[in-house]
Amino acid sequence: MTALTSVITSSLTANLSGGSAASTESSAVENRDLACATRVLRTEADALVALADSLDGAFLRALDLLHGIEGRVVVTGMGKSGHVARKIAATMASTGTPAFFVHPGEASHGDLGMIAKNDAVVALSNSGETHELADIIAFTRRFGIPLIGMTRRAASSLAEQSDVALILPPVPEACPLGLAPTTSTTMMLALGDAIAVALLERRGFSAADFREFHPGGQLGRALLKVTDIMHRGDDLPLCRLDSPLSDVIFEMTAKRLGCVGVTDEAGALVGIITDGDVRRHLTPELLAERADSIMSPRPKTIRPKALIVEALREMNEKKITTLFVIEDDRPLGIVHIHDCLRAGAA
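Bear in mind the structure is a predicted one, so any value in this text is a computation, not a measurement.

Peer 1: Looking at this structure, how should I read the overall build of the chain?
Peer 2: Check the secondary structure of the chain and you find 14 helices and twelve strands. The buried share of the chain, taken over its 346 residues, is 40%. Taking the contacts inside the chain whose residues are at least 6 apart along the sequence as the reference set, 62% of them involve residues at least 24 apart. Carbon and sulfur atoms provide 56% of the accessible area of the chain, an area that totals close to 18,600 Å².

Laid out in structure tokens, this is it:
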């Protein structure tokens, strides 16, 4: 029994020792990974600070140039710079600066025809010597199309040929080999955002303008106005103060919104009749009555420029299902709670 106990004890000790060594090795790997990730992020963060500090008159000249063109901004680049260029073009296009991406390789095979004389070109190249950009650069020089170059080398062909050269500060790549574009592409991306946002502010681009370019997203739905979804024209349930209730009930049934707005001789909204009002006053003589005999005065309304989320909140708070949209006391439309929900306001 003593020998068996000794064997078991030795086995457990060996297993525990091996497990401890594996755990130590795993922790060391995790620490190295975290240190690497931290180094990359700090390197790129420092580069962005250096980029911000380097902004000067060239940046302002680039803004003036892009703000003043009548056409679109054509953004181009090859490889990793090309991926960044696509994003910059997309950001500009969604913030009020018409822009699109042209691949430099495709440009040499016909896509140069996409660039018009009233456009401007923004070309990205880390080295400034990307040979695939040569045809685009030559095209801009031949037809007097403004060219903005974004590169790390002031003495490069791209910088020398550009009308405005945006030179990135000389900071190291986050890649320990100094080869993979990391810090440089981060700076290009951030500089593109800076240009897009500065142009946005120059133009006074608003949230409502932003929604026009993002109708399918959550933000687009959240920024919908009541005028975008309201019932109007022939779909608007209305009657006059002196309308017989037989006509009111017919109008309510035809428009299928559960209510009818009551207007005075000047066309101003002065009351509302709901299907609940009809049920509460239901008598054999009801159809001979006038609209003003059972209407509720001062109906709940909302302004035309109100967002649908505001309309939904108002209906929830007042425990009602419809709001008339009015301007100068006149009804322009009516919005139902189901309209707001279908539009994604909830």
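Peer 1: Quick question: what am I supposed to make of unusual backbone geometry here?
Peer 2: Peptide bonds are, in most cases, trans, and in most cases residues other than glycine have a negative phi. Look at Arg256: it is not a glycine, yet its phi comes out positive at around 60°. Of note, Arg256 is situated in the loop between helix H11 (245-255) and strand E7 (259-263). The backbone of Asp328 shows a phi angle near 55°, a positive value even though the residue is not glycine. Looking at where Asp328 falls in the secondary structure, it is placed in the loop between strand E11 (322-327) and strand E12 (330-336). Since its relative accessible area comes to 69%, Asp328 is described here as exposed.

Peer 1: I'm lost on the sheet that holds E7 in this one. Help?
Peer 2: Pairing between sheet strands relies on hydrogen bonds along the backbone, with the strands arranged either parallel or antiparallel. The strand order across the open sheet formed by four strands is E6-E7-E8-E9, and the pairing between neighbours is mixed. Looking at which strands have only one partner, the edges of the open sheet turn out to be strand E6 (238-240) and strand E9 (296-297). Summarising the sheet, E6 and E7 pair through three bridges and their orientation is parallel. Within E7, the residue paired with Leu238 across the bridge is Gly261.

Peer 1: Can you help me understand the pairing of strand E4 (residues 147-151) in this one?
Peer 2: A regular strand places its side chains on the two faces of the sheet in alternate fashion. Summarising burial for E4: five of the five residues are buried, a large majority. As paired strands, strand E3 (residues 120-124) and E4 are joined by four bridges and run parallel to one another. Counted as the bridge partner of Leu124 is Met150 from E4. Following the chain from E3 across helix H5 (residues 134-143) to the adjacent parallel E4, one finds a crossover that is right-handed. Sheet analysis places E4 next to strand E5 (residues 164-167), joined by four bridges and oriented parallel.

Peer 1: Explain the layout of surface pockets here, please?
Peer 2: Leftover empty space is mapped by rolling, across the atoms, a probe with the size of a water molecule. Size it by volume and the largest pocket reaches roughly 280 Å³. Contributing to the lining of the largest pocket are 15 residues, with Ile272, Thr274, Ile320, Thr321 and Thr322 lying nearest its centre. At the level of secondary structure, the elements contributing two or more residues to the lining of the largest pocket comprise strand E8 (269-274) and helix H12 (275-280). For the lining of the largest pocket, the leading source of residues is H12, giving three residues. A class-by-class count of the residues in the lining of the largest pocket yields five nonpolar, six polar and four charged.

Peer 1: Is there a simple way to think about the packing of helix H2 (residues 57-68) against helix H7 (residues 183-203) in this case?
Peer 2: Packed helices, taken two at a time, are described by their axes: the angle between them and the distance between them. As a packed pair, H2 and H7 sit with axes 10 Å apart at the nearest point and diverge in direction by 55°. In terms of their interaxial angle, H2 and H7 are classed as oblique. Taken as a pair, H2 and H7 cross one another with a handedness that is right-handed. Facing H2, whose interface residues are Phe59, Leu60, Leu63, Asp64, Leu66 and His67, H7 presents Leu191, Ala194, Ile195, Ala198, Leu199, Arg202 and Arg203. Considered class by class, the residues forming the contact of H2 with H7 number nine nonpolar, one polar and three charged.

Peer 1: Mind showing me how you'd approach the pattern of salt bridges here?
Peer 2: Opposite charge on two side chains makes pairing possible when the charged atoms of those side chains draw close. With the rule as written, the count across this model stands at 14 salt bridges. Arg202 is the salt-bridge partner of Asp64, the closest N and O atoms lying 2.8 Å from each other. With Asp64 in helix H2 and Arg202 in helix H7, this residue pair connects regions lying 138 residues apart in the sequence. By relative accessible area, which is 38% here, Arg202 ends up partly exposed. Glu317 is paired through a salt bridge with Arg313; the nearest N and O atoms lie 3.9 Å apart. In this pair, Glu317 and Arg313 both sit in helix H13 (residues 308-318), four residues apart, roughly one turn of the helix. Judged by relative accessible area, which is 43%, Arg313 ranks as partly exposed.

Peer 1: How should I be thinking about the environment of Ala93 in this particular structure?
Peer 2: Positionally, Ala93 belongs in helix H3 (residues 80-94). For the pair Ala93 and Ala196, spaced 103 residues apart in sequence, the C-alpha separation works out to 8.8 Å.

Peer 1: Quick question: what am I supposed to make of the sheet that holds E12 here?
Peer 2: Read across the open sheet, the three strands follow the order E10-E11-E12; overall the sheet is mixed. Of all strands in the sheet, those with a lone pairing partner are strand E10 (301-302) and E12, marking the two edges. In this structure, E10 lies alongside E11, joined through two bridges in parallel fashion. Each residue of the ladder has a partner; that of Thr301, found in E11, is Phe324. Where H13 meets the sheet, its contacts fall on E10, E11 and E12, and the angle it forms with E11 comes to roughly 125°.

What counts, and where the lines are drawn
Residues numbered from 1 in each chain as written. Predicted model: local features only at pLDDT ≥ 70, side-chain atom pairs only at ≥ 80, totals over all residues. Heavy atoms only, no water. Helix = DSSP H or I, 4+ residues; strand = E, 2+ residues; numbered from the N terminus. Buried < 20%, exposed > 50% of the residue type's maximum accessible area, 1.4 Å probe, protein only. Contact = heavy atoms within 4.5 Å. Areas by Shrake-Rupley, 256 points an atom, 1.4 Å probe, with all protein chains shown as cover. Pairing = 2+ DSSP bridges. Right-handed = clockwise from strand over helix to strand, strands pointing away. 1 Å grid on protein atoms, 1.4 Å probe; cavity = no way out; pocket = protein on both sides within 12 Å on 5 of 7 lines; lining within 4 Å. Points joined across faces, edges and corners; volume = space filled by probe spheres on them. Nonpolar A, V, L, I, M, F, W, Y, C, P; charged D, E, K, R; others polar. Axes fitted to C-alpha atoms, helices over the stretch in contact; angles between N-to-C directions. Parallel < 35°, antiparallel > 145°, perpendicular 65-115°, else oblique. Left-handed = near helix turned anticlockwise from the far one by under 90°. Salt bridge = Lys/Arg side-chain N within 4 Å of Asp/Glu carboxyl O.

These figures come from the coordinates and say nothing about function on their own.
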